[in-house]
Amino acid sequence: MSSWLGGLGAGLGQSLGRVGGSLASLSGQISDLTKNMLMEGAEEVEELPNSRRTEIEAIHAVLKSENERLKKLCTDLEEKHEASELQIKQQSTNYRNQLQQKEVEISHHKARQIALQDQLLKLQSATPSVHSGAGGIPATTASSSFGCGISHHASAFRDDDMDFGDVISLQQEINRLSNEVSRLESEVGHWRHIAQSSNAQGTHSSDQREIFKLQNIIKELKQNRSQEIDDHQHEMSVLQNVHQQKLTQMHHQYREELSYYEERIEELKNLLQEGGLGVTGTDHSKIYEMQKTIQVLQTEKMESTKKIEELEDKIKDINEKLSSAENDRDVLRREQEQLNVEKRQIIEECESLKLNCSTLQSYGMKQSDCVTEKERILPQSTSVEKVVTLQQALPDAENEMRLNSLNQGNNLTEENVNLKIHVQVLEKENSLLSQEKEELQISLLKLNNDYEVMKSTAARDMSLDSELHDLRLSLEAKERELNQSINEKEILLSTLGELDKQNEEATKHIILIKDQLSKQQNEGVSIISKLKQDLDDEKKIVHQLEDDKMNLTKELDMQKEKLIQSELVQNDLHLIKEELEDKVEDLVDQLSKSQKNNSNIQKENLELRERIRQNEEELSRVRNELTQSLNQDSNSTFKDNLLKEREAEVSNLKQNLSEIEQLNENLKKVAFDLKMENEKLVLTCEDIRHQLEESVAGNSQISLEKNTIVETLKMEKGQLEAELCQAKERLLEEASKYEQNVEELSNARNLSTSALQLEHEHLVKLSQEKDFEILELKKHIEQMDTDHKKTKEILSSNEEEQKQLTEVIKEKERFIEKLKEKCSELQEELDKYSQALMTNEILRQTIEEKDRSLGAMKEENNHLQEELERLRDQHSRAAPVPEPKPLDSITELESEVSQLNIIKDHLEEEIKHQQKIIEDQNQSKMQLLQSLQEQKKEMDEFRYQHEQMNVTHTQLFLEKDEEIKNLQKVVEQIKTQLHEERQDIQTENPDILQETKVQSLNIENGSEKHDLSKAETERLVKGIKERELEIKLLNEKNISLTKQIDQLSKDEVGKLTQIIQQKDLEIEALHARISSASYTQDIMYLQQQLQVYAMEREQVLAVLDEKTRENSHLKGDYHKMMDIVAAKEAALIKLQEENKKLSTRFESSSQDMFRETVQNLSRIIREKDIEIDALSQKCKTLLEVLQTSSTGNEAGVVNSNQFEELLQERDKLKQQVKKMEEWKQQVMTTVQNMQHESAQFQEELHELQAEVLVDSDTNSKLQVDYTGLIQSYEQNETKLKSLGQELAKVQHSMGQLCNTKDLLLGKLDMLSSQLSSGSLLPSQSAQSLKASKSDIASESSQLLQREVGELRKSLQEKDATIRTLQENSHRLSASIAATSELEGKEHEQTDSEIKQLKEEQDVLQKLLKEKDLLIKAKSDQLLSSNENFTNKVNENELLRQAVTNLKERILILEMDICKLKGENEKIVETSRGKEAEYQALQETNMKISMMLREKEFECHSMKEKALALEQLLKENEQGKTGELNQLLNAVKSMQEKTVTFQQERDQVTLSLKQKQMENNTLQNEVQHLRNKELRLNQELERLRNHLLESEDSYTREALAAEDREAKLKKKVTELEEKLVSSTNAMENASHQASVQVESLQEQLNIVSKQRDETALQLSVSQEQVKQYTLSLANLQMVLEHFQQEEKAMYSAELEKQKQLMAEWKEKAENLEGKVVSLQEHLDETNAVLDSASRLAEQLDLKEEQIEELKKQNELRQAMLDDVQKKLVNLVNSAEGKVDRVLMRNLFVGHFHTPKNQRHEVLRLMGSILGIEREEMEQLFHEDQGGVTRWMTGWLGGGSKSVPNTPLRPNQQSVLNSSFSELFVKFLETESRPSVLPPKLSVLDIKPLDSPGKRKLDTNVPESFRDSRSGRRTDMNPFLASRSAAVPLINPAERGPGGPGHLLLKPISDVLPTFTPLPVSPENSAGVVLKSLLKQ
């Protein structure tokens, strides 16, 4: 189960993760799309502001792409959903299989349990019969209950699709299983009780073991049951979730469809209202046309509204983005406030650092005054405090860095300006803080110097200095990080600027969109006004139509009178129709009654069948009894009784059959009546048809006149026909239902009799015919209705169309409201029906449960009866039991049965009522389903239309995209061709060259962009468009020509020349067109601008060159400084390393020597002690010998000899002792010398340590200086960057000023040519600008020089400090040397004392060693304590952070605990409820078991009575068989009654126990609520305590904060003083900036003066123009008088002159045409001549090249012939020679080859030396000694210089192959040329820059390329020798992957390089080698 749930969770998680990922990607893509849309829109607006249509098309394209992408996403998600559903199904099937397996296991366990119960029964039978009277309770088996459980359980999982009904069935099974478990538990308790009682009486241990086994089995079953319950609950929850999800999806779909239909209805309403204004009349064609136009306008209006809505949606999106930006701004404000707070904290920390510095200074002064040990302790404490403060400051600084980096990455939106101001303020404050930090560093350095002086005196302060050094390093690292953060801040500022630009662009884009929307609104207003005018026109037409209508009404009045008569006829028809409908309804009622009767008859038939079966069974029993009785008795009384009973039953059956026949006859009568009525209806229908035909004939004349009106009503007719079809379908469905009912009846009747079958078939046929006739009649009636409605509608439409339309609209509104009400009612009814269904389902469940319980009870009764029989057999010997009173129990049971029957009747009535409700609900469901299907059809139609629209849009967009792509390709081709043409036409066309210069300058200098005017851009665009077509043709021709040129040979050069001439002609034609009058002016203007820009560019480049030179100088100085510092560092490192090595050497040498000497001495002393002991023993033995010799007199000579020998030995020993004493003295002296030397070495060690410390101090100082230099360099770099930015700004401002200047100059040129003085101004401004630029450049260079000087000064100061430190170190070394001399003197004095105190020396040495060990241990302890201290400080900080984190976590955990408590309470409630249910079920089971026991006793007594009666009957069988049968029947009836009474009683008891359970649950809930109140009170008290504690902590923190504020205020006063100094520095900087600003303002003033002067000139010129206009007016007055007089004179002359002019114009036009044609011919001829001259020049050049190449070829051929001759000579000379090196390698290879293949090596060597095969084979056949001799003799004179090269592991595979094959391969590879000599055709030889040479370069190897690229003129690859051009060894094989064998190495490494043979292709290398080997 857990695995299944885990898999399901994983699958869902994956699918949700994918959905989430796809949604995230979707949102990201949408945001990207919106950004791209904004950018594209901005670009399009800048280019073409009026391109509204293009924008809309682009929007459509974007929307289309978004739709497609969203569709793809939807499809992906649907596929994922389907895949997840499949996974869930698979997992559910797997789970069900597992459940089935578990069920099988459970069945096994149950079988085992049954077996165990059998064993228990056996044990029970073994127990004594003590409990037979009262406690002898029979065992109940659970086989039946478990059997039914298995069957139900198996049936539950047959279907794969788990629905809600399956869930309910599962829950029921769970309840049933729980009941069975409780019953089993009660049985187990009973058997435990029996077992305990039997144990008390003294049972065996085997019974106990079996009981324990049974208990274990019961526990296992309990565990299995709990697991199964949990599994079922999990599955229930999962299925409920799935069901809820499906329901929610269905609800959403239903709501969406409802909203869609409501919108559709509203749209149709609007359409009806608009269509209701039109009035139909005679001029229907005009109205139809007007309607069409209105529809077209409405469609356009809809489209415009859609577009407006889309634009409004965009505006909403933009507003949402703005709101989000405002939210971001608020967030940034909050972050800014946090930054201010953090800044205050930094200031406070700086003040604390200052206080620490002051305290350190005071301590330093104290230390300088007095150098005692007590005063040394104080600076240690202060330094420790400083360490702690600095360590506290480090994480704060890190936090500040992180916060700055996090907070400054989120800046956006409109208030960026305010943020910039705040950021500048923060930067200033940061700069001030950095200055203060630098000052603090200087003060710290001074203090460090003081400390270093103190350190030299005291060695104990070294540890503190090392810690301070580490902290300084960490501070320096943090300062670097601060610098990095400052740089990041600058980067963020730049990004802020970019974001500001983007924001401004977005706002511009929004403004443009608003303008476009306003334009669209204006257009929409204009369209609306047009539509209003059209409506007014239509209204006028309508008035005219109304007048016509009045005339028509008069005519209609005449026709109304005729129609009235037809209406009367129709009313009569309606009445007849209503009567027919009533009759039809009556028939339907009769049919329904007959159906009910049929159903009743079926029920009765079924009951009769059951009775017949029972009778048959009784008959069979009776026959058996009769047979028995006949065998025993011959009395016929019993037979008579039986025959009488049977006759009575047969008569009853006959009566039933007669009743059925009567019913059938009644049905026949009813059917005959129906036939008669149908015939009557047919006659009436025929009469109605005749009347209708007459009325149709009368109405045909009217219908002919009104055909135009009828056409409008045909649509409604179609709708009505559709409704009729639906009605027909319904009728057919009803007919099919009726047919089914009839068939069922026929089937039922078939069972009874054949006669009934025939009659039933007749009835079925009649009913079918009637149904068909009814359908036909209904069709006719509906046709009549439609005709009648048509006539009515024609009349009503002619009379009052406007009123009808208004009424129709109102009716439709009412209808919609009714529909809404009906929908709400239907929803309410649905809710009611769903509730009723739930109740029905619950009732069904209860009924099923009761049925199951009844079955179980019956089975249990059967089992109990069997068990009672067994017990009766067992207890037959026991005493008889007193009989209970059966009559009282029977009466009680009867009363209970009567009550229960009443309850049963009520329940049956309720069930019938609910069945009726369910039928109504089914009908309503069918209606709803039909309406839903219709709605779905409409939805499908709309979707199809929408898809068609989308398809058309997509096609349009694709076509436009293709056009855009083609245009882009054309533009790119134009650009490439323009570049090519510029390269070709540099000498010929200066105009085009200048245009290309403009483009190249624009491409190179992105900062120097200039915007041409619109007119110029339009002209250029037109020119480019004209050129594009020509360039396309040229491109195509160029492509074809390039293909042809690649394929052409030498013979086709003439054709190429012709094509080139054509190209030249076309190019010249292009030049002629380009150099026309329209382009010359633009080109001249562009040339002037280009010259101006070129001058400015040169100036800017000069300034940049100067800056780059200065920068390069500064970099060089910096690199020099870095080199010096690096050299010094390297020297220091070397010195330190040497010092360390010396110290280690001295220590190791002194200690090792001392140890070795001590060990040697101890060993020698031990040896000497042993010798002395041996000598003393010898002396003792000699004395004893002498004593013994003095007593004896026999051996005197021998004793004397022995005595002499002993004396000699004594002398020798004395000599040895003397020698040993001398050696001992020498050893002592050496020991003393070693001690002296060790003391000297220790002194030297101390000195070296002091020097090392001094060196480390100097190193630290140098490192500090180095860091300072790096910081200064970084500051200089930042200053340089800022200067570069200022330069860029200045350049930008210069560009703007130049643009303004150009505009002013253009205006001045346009005004007049009189203003010559204005031409001097731009030159002056240019000079002033140049001067300003030079001033700026000089200022920047001076600033840089100043900074360089300051750096040099700082370096000199640092060098001076280094020198002073070196002098100090020299002084210290001198003082150390003096002290060492004094110590030497003292050592000389102490030497005499050491000689006297040799005995005490060993003790002192031991003490010294112990003290050294103690000192080392203490030093280690000090170091460890320091490390522990630092670790503890770090741990404290970490713990503080951890405490804060833990507080937050505690709060989160408290929240989680509260939630968990709530959940736990819910779980506890559910568990209590379940426990209560279990308890109640157990109680009910116990009670039921007690009842069963009582009933068992009753049954037992009844059975005993029955047995007694049977015995009595057997005794009186002869005459009392009838009485016995009666008694038996009575007994059986009584037993059945008792069973029914017991069942009813059980039901009552169950209901009572359920009520008790409910009471118990309510009591448990009350107790639970009380417990909740107690818990809540406890939590309140805990929270109060927590609040009090938190308030105390807050008060303490507040007091501490006040103390801190007091300290911080002091620091603030100090910082304010420093701020004053920093503000002075800032004022100086601002003064310099103001000077620059003033210079710029002066330039602006000059420009403004120029502008004012031009304005004055304009005003003067305007006044002159006014005067001229006045004078012109006066002259015109005078001229008019003259003109009136002379008009007559001039008119005639003008006509003549006009004629002459026309003639002259014609002549001039003809001449101009001729001139143009001649000019074109001239241009063409000139172009042809130019191209011919070029071609001639090219041909001459090519011929010269060909001749040169031919000469080169001849030279190369000669060289090759010489080389070949030489090669032939060399081969001939080298044929009889053998190479020594080769033979050596072969000899070495012989030993490296395997032993099996050495013969081949020898054979090859013999073949090379000229030995024949036979001789070699003879040598091989001989012994190996001969061969070796021969080989040694043969190779005796060989050289020994060749080394034996070792083999690689890679070469083993090569050695395994035969030697001859390797040699052949080697020679083949060496004889092949690596690269073939290149063959060149005459076509490939081209000039230097031709493309043919590039192609050649790809084919030529790398060696050729290198030679060519290196020296192109000196060397030619074809003139080189073979050794140079073609190497003998393939260079690719020399790599590491090549073969490693000696023979396969290159020739240059191993073998002599003799030239290869010139072999023909027939005699290849392999053939030659094979021939050589054969020889």
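Predicted model, so just to flag it, every value in this text is computed and none were measured. (Residues numbered from 1 in each chain as written. Predicted model: local features only at pLDDT ≥ 70, side-chain atom pairs only at ≥ 80, totals over all residues. Heavy atoms only, no water.)

**Q** Is there a simple way to explain the overall build of the protein chain in this structure?
**A** Within the protein chain, the regular secondary structure consists of 32 helices and zero strands. For the protein chain, long-range pairs separated by at least 24 residues make up 88% of all intrachain contacts whose partners lie at least 6 apart in sequence. Accessible surface computed for the protein chain: about 139,000 Å², of which carbon and sulfur atoms make up 55%. (Helix = DSSP H or I, 4+ residues; strand = E, 2+ residues; numbered from the N terminus. Contact = heavy atoms within 4.5 Å. Areas by Shrake-Rupley, 256 points an atom, 1.4 Å probe, with all protein chains shown as cover.)

**Q** What exactly am I supposed to notice about the pattern of salt bridges here?
**A** Opposite charge on two side chains makes pairing possible when the charged atoms of those side chains draw close. Throughout the structure, instances matching the rule amount to 19 salt bridges. Among the salt bridges present, the one from Arg52 reaches Glu523, with a minimum N-O distance of 3.8 Å. Of this pair, Arg52 sits in helix H2 (residues 52-126) while Glu523 sits in helix H9 (residues 462-632), and the two are 471 residues apart along the sequence. You can call Glu523 partly exposed: its relative accessible area is 35%. The network of salt bridges with shared partners includes Glu1465, Glu1469, Lys1572 and Arg1575. (Salt bridge = Lys/Arg side-chain N within 4 Å of Asp/Glu carboxyl O. Buried < 20%, exposed > 50% of the residue type's maximum accessible area, 1.4 Å probe, protein only.)

**Q** Help me understand the nonpolar core in this model?
**A** Nonpolar side chains in soluble globular proteins tend to be buried together. Leu1786, Leu1804, Met1805, Met1816 and Phe1859 are the most contacted members of the largest nonpolar core, which has 13 residues in total. Counting only elements with at least two residues in this core, the list comes to helix H23 (1780-1792), helix H24 (1798-1809), helix H25 (1813-1821) and helix H28 (1859-1871). Looking at which element gives the most residues to this core, the answer is H24, with four residues. (Core = buried A, V, L, I, M, F, W, Y, C linked by side-chain atoms within 4.5 Å.)

**Q** Would you mind going over the packing of aromatic side chains with me for this structure?
**A** Aromatic rings considered in pairs are described by the distance between their centres and by the relative angle of their planes. Tallying each qualifying case throughout the model produces four aromatic pairs. Ring geometry for Tyr260 versus Phe942: centroids 5.8 Å apart, planes at 75 degrees, classification edge-to-face. Note that Tyr260 is positioned in helix H5 (residues 205-276) and Phe942 in helix H14 (residues 886-984), a separation of 682 residues in sequence. On the basis of relative accessibility, which here comes to 26%, the residue Tyr260 falls in the partly exposed class. Their ring planes at 10 degrees and their centres at 3.8 Å tell us that Tyr1118 and Tyr1273 sit as a pair that is stacked. Remark: Tyr1273 occurs in helix H19 (residues 1196-1311) and Tyr1118 occurs in helix H18 (residues 1077-1191); sequence separation between them is 155 residues. (Phe/Tyr/Trp six-rings, centres within 6.5 Å; stacked < 30°, edge-to-face > 60°.)

**Q** Would you mind showing me how to read the packing of helix H13 (residues 801-874) against helix H21 (residues 1398-1515) here?
**A** The angle between the axes and the distance between the axes are what describe a pair of packed helices. Look at H13 against H21: their axes get within 10 Å of each other, and the N-to-C directions meet at 55 degrees. Between H13 and H21, the crossing angle belongs to the class labelled oblique. Judged by the twist between their axes, the crossing of H13 over H21 is right-handed. Counting all contacts with H13, which are made through Met857, Glu860, Asn861, Leu864, Gln865, Leu868, Glu869 and Arg872, the residues of H21 involved are Leu1492, Glu1496, Cys1499, His1500, Lys1503 and Leu1507. (Axes fitted to C-alpha atoms, helices over the stretch in contact; angles between N-to-C directions. Parallel < 35°, antiparallel > 145°, perpendicular 65-115°, else oblique. Left-handed = near helix turned anticlockwise from the far one by under 90°.)

**Q** Got a minute to help me understand a nonpolar patch on the surface in this structure?
**A** Together, Val417, Ile421 and Val425 give the surface a local cluster of nonpolar side chains, amounting to about 250 Å² of exposed area. Here Val425 is to be found in helix H8 (residues 416-457). Using a relative accessible area of 37% as the deciding quantity, one classes Val425 as partly exposed. (Patch = residues over 30% accessible without salt bridge, like charges linked within 9 Å, V, L, I, M, F, W, Y side chains within 5 Å.)

**Q** For this particular structure, what's the right way to read a positive patch on the surface?
**A** A surface patch of positive charge is lined by Lys593, Lys596, Lys603, Lys912 and Lys916. For the positive patch, the secondary structure elements donating two or more residues are H9 and H14. In terms of residues, the positive patch owes the most to one element, H9, which gives three residues. Looking at where Lys916 falls in the secondary structure, it is placed in helix H14. Here Lys916 falls in the exposed class, since its relative accessible area comes to 56%. (Lys, Arg positive; Asp, Glu negative; His and termini not counted. Charge placed at Lys NZ, Arg CZ, Asp CG, Glu CD.)

**Q** Looking at this model, I keep getting lost on the confidence of the model for the protein chain. Mind explaining?
**A** It should be kept in mind that the predicted coordinates are not to be read in detail where pLDDT is low. For the protein chain, the average pLDDT comes to 77, and 77% of its residues sit at 70 or higher. By mean pLDDT, helix H31 (residues 1922-1925) is the weakest element of the protein chain at 39, and helix H22 (residues 1521-1774) is the strongest at 89. The model gives residues 879-885 a pLDDT under 50, and that stretch makes three contacts with residues more than four places away or in other chains. Long-range and interchain partners of residues 1193-1198, a stretch whose pLDDT sits below 50, account for zero contacts in this model, where long-range means more than four residues apart. (pLDDT = per-residue confidence, 0-100.)

**Q** What is the right way to look at a negative patch on the surface in this model?
**A** A surface patch of like charges, here negative, comprises Glu578, Glu579, Glu581, Asp582, Glu585, Asp586, Asp589, Asp673 and Glu677. Going through the elements one at a time, H9 and helix H10 (637-705) are the ones with two or more residues in the negative patch. When residues in the negative patch are grouped by element, the largest group, seven residues, is from H9. Considering the arrangement of structural elements, one finds Glu585 in helix H9.

**Q** In this structure, what is going on with the side chain of Gln914? I would like to understand it.
**A** The topology assignment puts Gln914 in helix H14. Those residues in contact with Gln914 that sit more than four places away from it in its chain are Thr839, Asn840 and Leu843.

**Q** Hey, could you run me through the environment of Lys343 in this one?
**A** Locating Lys343 in the fold gives a position in helix H6 (residues 284-369). Separated by 86 residues in the primary sequence, Lys343 and Glu429 have C-alpha atoms spaced 8.6 Å apart. The contacts of Lys343, once residues within four sequence positions are left out, are Leu426 and Glu429.

**Q** Would you mind going over the packing of H23 against H24 with me for this structure?
**A** Axis separation between H23 and H24 bottoms out at 9 Å; the angle between their running directions is 165 degrees. Here H23 lies roughly antiparallel to H24, going by the angle between them. Crossing of H23 over H24 shows left-handed handedness. Contacts between H23 and H24 involve Leu1782, Met1783, Leu1786, Phe1787, His1790 and Phe1791 from the first element and Arg1798, Val1801, Leu1802, Leu1804, Met1805, Ile1808 and Leu1809 from the second. Per-class residue counts for the contact of H23 with H24 are eleven nonpolar, one polar and one charged. (Nonpolar A, V, L, I, M, F, W, Y, C, P; charged D, E, K, R; others polar.)

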